[in-house]
Protein chains: 6
Amino acid sequence: MVEESRAKDRVKEIFDDIKATKEIDFVPNFWKTLATHPPLLDETWSRLKAVMAPGQLDPLTKEMIAVAVSATNGCRYCINSHTAAVKKLGLSDAALGELMAVVSLFNSTNALADGYQIEPDVLP
Amino acid sequence: MVEESRAKDRVKEIFDDIKATKEIDFVPNFWKTLATHPPLLDETWSRLKAVMAPGQLDPLTKEMIAVAVSATNGCRYCINSHTAAVKKLGLSDAALGELMAVVSLFNSTNALADGYQIEPDVLP
Amino acid sequence: MVEESRAKDRVKEIFDDIKATKEIDFVPNFWKTLATHPPLLDETWSRLKAVMAPGQLDPLTKEMIAVAVSATNGCRYCINSHTAAVKKLGLSDAALGELMAVVSLFNSTNALADGYQIEPDVLP
Amino acid sequence: MVEESRAKDRVKEIFDDIKATKEIDFVPNFWKTLATHPPLLDETWSRLKAVMAPGQLDPLTKEMIAVAVSATNGCRYCINSHTAAVKKLGLSDAALGELMAVVSLFNSTNALADGYQIEPDVLP
Amino acid sequence: MVEESRAKDRVKEIFDDIKATKEIDFVPNFWKTLATHPPLLDETWSRLKAVMAPGQLDPLTKEMIAVAVSATNGCRYCINSHTAAVKKLGLSDAALGELMAVVSLFNSTNALADGYQIEPDVLP
Amino acid sequence: MVEESRAKDRVKEIFDDIKATKEIDFVPNFWKTLATHPPLLDETWSRLKAVMAPGQLDPLTKEMIAVAVSATNGCRYCINSHTAAVKKLGLSDAALGELMAVVSLFNSTNALADGYQIEPDVLP
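All chains use their own residue numbering, which begins from 1 and follows the written sequence. Naming scheme: in the order in which they are written, chains are lettered from A and ligands are numbered from 1. The predicted nature of this model means local features are confined to residues of pLDDT at least 70 and side-chain atom pairs, given and counted, to a pLDDT of 80 or more, with totals for whole chains, interfaces and linings taken over all residues. Only heavy atoms go into the side-chain values, all of them from the structure, while hydrogens and water stay out.

### Examining the overall build of chain A
- A run of H or I in DSSP counts as a helix once it spans at least four residues, and a run of E counts as a strand once it spans at least two, with each numbered from the N terminus. Scanning chain A from N- to C-terminus turns up 6 helices and 0 strands.
- The N-to-C order of helical and strand elements in chain A reads α-α-α-α-α-α.
- C-alpha atoms define the radius of gyration, and 2.2 Å times the number of residues to the power 0.38 defines the globule rule. Here the C-alpha radius of gyration of chain A, 18 Å, is well above what a compact globule of 124 residues would show, namely 14 Å.
- For every residue, the accessible area obtained with a 1.4 Å probe (protein chains only) is divided by the maximum for its type, and the residue is called buried under 20%, exposed over 50%, and partly exposed between those limits. Evaluated residue by residue, chain A yields a buried proportion of 60% over its 124 residues.
- Sequence-distant contacts, at least 24 apart, represent 43% of the contacts inside chain A between residues at least 6 apart.
- By the counting rule applied here, Lys and Arg register as positive and Asp and Glu as negative, while His and the ends of each chain are not counted. Where a charge lies is defined by one atom per residue type: Lys uses NZ, Arg uses CZ, Asp uses CG and Glu uses CD. Distance between charge centres in chain A, computed from 13 positive and 17 negative side chains, equals 9 Å. We call two residues in contact when some of their heavy atoms are within 4.5 Å.

Below, the structure written as structure tokens:
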């Protein structure tokens, strides 16, 4: 990992932008690790910043989708950080419980639809 | 699959409830297939009906999470039916595009966080 | 794919062994495709034959596990062929329904356990 | 997590049922976590209890399928708890080895069948 | 999908760049579909063009990794297009067979390492 | 796990072969664990040794594919050991960064192609 004290040039700029954009006072391990290959840091951060900006969907909805994708993939780091993010944005325990119930439900029905070889009702 | 014309008793009741609840005039293949094992039909429909009812999260948000989970798992039937559902609920092409951009982004970062063996910033 | 009429030497031997072992009168597409790289055909068939032989677990249990793994991965070809196999071994619609209910359940709880970052109760 | 000492009403009832049904003297972390959203606890426990009851398939077969699904998904908590369950039900190291060999085999062949774009031999 | 004849402005520019860069005379379905949400088309194409350019790793190695990831995820469209790409770059049937054997092997050992709850030998 | 000091007969032979082949002075946890079911140890080691031998593809390419598959599956043990292996074979931080960028990219595009239900451009 590239620690903040060792960051310079474009890496330092991105680290500063991460802290300012996310309103946090440390650089998360994810970004310090990507900094070992600066083009990957640059590409991933630029993309995340653009995709997560408010648009047709609001930031909380986007972070909930991040939790849903990460729980489906079983990605420990990502579940941890996006769960922290939705809580910071005000999601209650009950709403998080509903989110998990939805994620749980569709991981079930996905396995059923595939397992029973069910054909789409309507072609796209 | 159990066709509507052959459904009776509890299966018929559930088929009727599916059509009424979803405001559609046919029983989707998914439910006709689960009807080959009525306890599975009953359990899955009761659960879906409860989980997808409006609560802390609204129905469109829940359907978008269904699309996100299904795209992550690559479940063809489910992607097909939940994409139809979000469109029916009014999601525009641009909003669907943002949803896909978010799903795309976090399938990337999940692989990066796992691939680089990154430890959580904060323990749960 | 290598059609049966074009198979020779080791590939022909394996094709004959597949038909004899599985008591079928054609070579499934899977094996005809692996035959494009004979070492892969040889390795995969030898391994499958050894692993699927009756041992501590009986053949039907092993085929049910094959269905469970394939439904979880969403592998269309494999679901198709292993579902045919369990039916040939006598699994009823009701028992297949129970199998699917179990697969469905644990795809749910896997997502919940990961999604809620739950620590094991007892270390291995 | 909701500790046992803080559980009341429906949550307490379910905690007691979990301990009685599983013949254990503590509530596993999974259930204490779901208790943060009682409807999710209720739904998940009722479903698990119904699906895992002896039926066409016996409890050991069902737990082995749970291990197979969890190993395929890489769900650490679930692998841990279902491995403990199959051992408690008497599965030997050799039988667990066979189960793992089957899970290992079909995770291979799933990737091969998908990777080579193999079409089903027989339509469902 | 946005057909080539309807593409204009930035979408048309990107379509032209795709055809020139890949040396093909049609726009693949993937890109015509992303064009329904131009920012997603733009972001994904720019990123793919940068990541797939020759660097420390050569284009064939990168395309083989694309096949490996896609086979592991079971993504039908992607397996189809990246298999076509490695063949166009000269990969023989035997080398493709080795690639598939490697993908097959590690999908096995991943399930075993997770299934047996094996701890890393050396911490990162 | 079967510790080296307790290994005998075929298990001891394989342990010695693992150390000689990999040029390491300890037996990794993976192999010590598979030794609890010797047929699984034997089958997995023989297969890995054959598949990873230099052939059409060189050892570094094969290990990079192992990293790509393991990162896609999120297998912690495997990512750890194959990352160590590519570094031992001389992969630089920049080349590892490119590998991760490719893995990241195609986990994105897989989700997009599935999520948008895109049909292959050319049938296999």
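### A closer look at the environment of E:Ser104
Residue and element names in this part refer to chain E.
- By the element assignment, Ser-104 lies in helix H6 (residues 93-115).
- You can call Ser-104 buried: its relative accessible area is 1%.
- For the pair Ser-104 and Ala-71, spaced 33 residues apart in sequence, the C-alpha separation works out to 9.2 Å.

### Considering the packing of H6(E) against helix H4 (residues 59-73) of chain F
- Fitting a line to C-alpha atoms yields each axis, with helices limited to the stretch in contact; the angle taken between N-to-C directions then spans 0 to 180 degrees. Following both chains from N to C, one finds H6(E) and H4(F) inclined at 45°, their axes separated by 9 Å at the closest point. Taken together, the axes of H6(E) and H4(F) lie oblique to each other. Considering how the two elements wind past one another, H6(E) and H4(F) form a crossing that is right-handed. Of H4(F), the residues touching H6(E) (which contributes E:Glu98, E:Leu99, E:Val102, E:Val103, E:Phe106, E:Asn107 and E:Asn110) are F:Lys62, F:Ile65, F:Ala66, F:Val69, F:Ser70 and F:Asn73.
- For this classification, Asp, Glu, Lys and Arg are treated as charged, while Ala, Val, Leu, Ile, Met, Phe, Trp, Tyr, Cys and Pro are nonpolar and the rest, including Gly, are polar. For the contact of H6(E) with H4(F), a count of residues per class yields 7 nonpolar, 4 polar and 2 charged. These descriptions rest on fixed angle ranges, namely under 35 degrees for roughly parallel, over 145 for roughly antiparallel, 65 to 115 for roughly perpendicular, and the rest for oblique. By definition, turning the near helix anticlockwise from the far helix through less than a right angle yields a left-handed crossing, and turning it clockwise yields a right-handed one.

### Some remarks on the relation of the copies chain C and chain D
- A residue counts toward the fit only if its pLDDT is at least 70 in both copies, and the copies are then superposed by least squares on the C-alpha atoms of those residues. For the match of chain C to chain D, the screw axis carries a shift of 0.0 Å, the RMSD comes to 0.0 Å, and the turn is 180°. The superposition operator between the copies reduces to a two-fold rotation axis.
- Mapped onto chain D, 100% of the interface residues of chain C are again interface residues, and the two copies thus contact each other with one and the same surface.

### Examining the interface of chain C and chain D
- Counting residues at the interface gives 59 residues for chain C and 59 residues for chain D.
- In this assembly, chain C packs against chain D so that about 5300 Å² is buried in total across both faces, 67% of it on carbon and sulfur atoms.
- Whenever a carboxyl oxygen of Asp or Glu lies within 4 Å of a side-chain nitrogen of Lys or Arg, that contact is scored as a salt bridge. Viewed at the interface, chain D and chain C are joined by 4 salt bridges.
- For D:Glu98, the salt bridge is made with C:Lys62, and the minimal N-O distance between the two is 3.2 Å.
- Under the rule applied, a polar contact is a pair of N or O atoms within 3.5 Å (in protein, one hydrogen donor and one hydrogen acceptor; residues adjacent in sequence only if both atoms are side-chain atoms). Counting every contact that joins chain C to chain D gives 24 residue pairs in polar contact (both at pLDDT 80 or more).
- Elements supplying a minimum of two residues to the side of chain C that touches chain D: helix H2 (29-34), helix H3 (38-52), helix H4 (59-73), helix H5 (76-88) and helix H6 (93-115) of chain C.
- Per-element accounting of the side of chain C that touches chain D gives the leading share, 17 residues, to H6(C).
- In terms of residue class, the side of chain C that touches chain D is built from 33 nonpolar, 19 polar and 7 charged. Accessible area, probed at 1.4 Å, shrinks when two parts are joined; the buried area is that loss added up over both.

### A few points about the interface of chain A and chain B
- Taken residue by residue, the interface counts 59 residues in chain A and 59 residues in chain B.
- A buried area of about 5300 Å², summed over both sides, lies between chain A and chain B, and 67% of it is on carbon and sulfur atoms.
- Together, A:Phe106, A:Ile118 and A:Asp121 form the three largest contributors to the area buried by chain A at its contact with chain B, with a combined 11%.
- On inspection of chain A and its partner chain B, the count reaches 4 salt bridges.

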